[in-house]
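# Examining the three-dimensional arrangement
Here is what each chain is made of, one letter per residue.
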Amino acid sequence: VALIVAVLAGLGAALFMPAGTVAAASDARRGTPGGWGGNGSAGSSSAGSGAAFTGTALIPLSDAEAQALQYAILEEYGAFNLYTAVNAQFGSTIPFSYIVRSEQQHINALVRQAQKYGLAVPENPGLANPPVFATLAEACQVGVDAEIADAALYDELKLVTTHADLLQVYERLQKASLESHLPAFQLCD
């Protein structure tokens, strides 16, 4: 009985606790054909940390949470693909070379969550038409735009998410976009 009360109290807190929002502008191209994600579009999380459990079974994701998680994976694929394309055009260049590795870590964190909940992991669609940039400064500006869009996406995803473990991953990925990737792209050229 005590375990059930603790779980219900935790769920109630997760449902009614206001989540912080980030003032990040949305980008209409995000996750759309031809957008950052090509045909669709960090931090890490330990399995089970903050997850909602009843006995030994996970509380399933709602349809909205499942769709949000799959969309987050596609969005991170999009950033990974975009930054990989920049490295292919200009050679391994900072900050793109290290942010590509970070985007792979973001993908891995989200995929672990999907696998934990038995959710199908979408395949990386790649980029149908890899972008070609006139200058590295132009590519850096696209990186700025992509990171702002990613941060805005996590604000949207948190609105439909009640699972504390997913919220924690989304917070970490959003923080990485705003506090690490965005400043690096703002300073690069």
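Rules used throughout
- Residues numbered from 1 in each chain as written.
- Predicted model: local features only at pLDDT ≥ 70, side-chain atom pairs only at ≥ 80, totals over all residues.
- Heavy atoms only, no water.
- Helix = DSSP H or I, 4+ residues; strand = E, 2+ residues; numbered from the N terminus.
- Buried < 20%, exposed > 50% of the residue type's maximum accessible area, 1.4 Å probe, protein only.
- Areas by Shrake-Rupley, 256 points an atom, 1.4 Å probe, with all protein chains shown as cover.
- Phe/Tyr/Trp six-rings, centres within 6.5 Å; stacked < 30°, edge-to-face > 60°.
- Expected span 1.5 Å × (residues − 1).

## Points about the overall build of the chain
When you go through the chain residue by residue, the secondary structure sums to five helices and two strands. Its helices and strands in sequence order give the chain the pattern α-β-β-α-α-α-α, from N to C terminus. Counting over 189 residues, the chain shows a buried share of 46%. Of the roughly 9,100 Å² of accessible surface on the chain, 61% is carried by carbon and sulfur atoms.

## Quick word on the packing of aromatic side chains
The tally for this structure, following the rule as stated, stands at four aromatic pairs. With centroids separated by 4.9 Å and ring planes inclined at 45°, the aromatic side chains of phenylalanine 96 and phenylalanine 185 adopt a geometry described as tilted. With phenylalanine 96 in helix α3 (residues 96-116) and phenylalanine 185 in helix α5 (residues 164-187), this pair connects stretches of sequence that are 89 residues apart. Given a relative accessible area of 0%, phenylalanine 96 falls into the buried group. Plain terms: the ring middles of tyrosine 154 and tyrosine 170 are 5.5 Å apart, the flat faces sit at 40° to each other, and that makes the pair tilted. Of the two residues, tyrosine 154 is situated in helix α4 (residues 136-159) and tyrosine 170 in helix α5; the sequence distance between them amounts to 16 residues. A residue is classified by how much of its surface remains accessible, and tyrosine 154, at 0% relative accessible area, is buried.

## With respect to helix α2 (residues 63-90)
In this model, α2 (28 residues) spans 41 Å end to end at C-alpha, consistent with the 40 Å of a helix rising 1.5 Å per residue. Looking at the residues trailing α2, positive phi occurs at glycine 91, about 85°.

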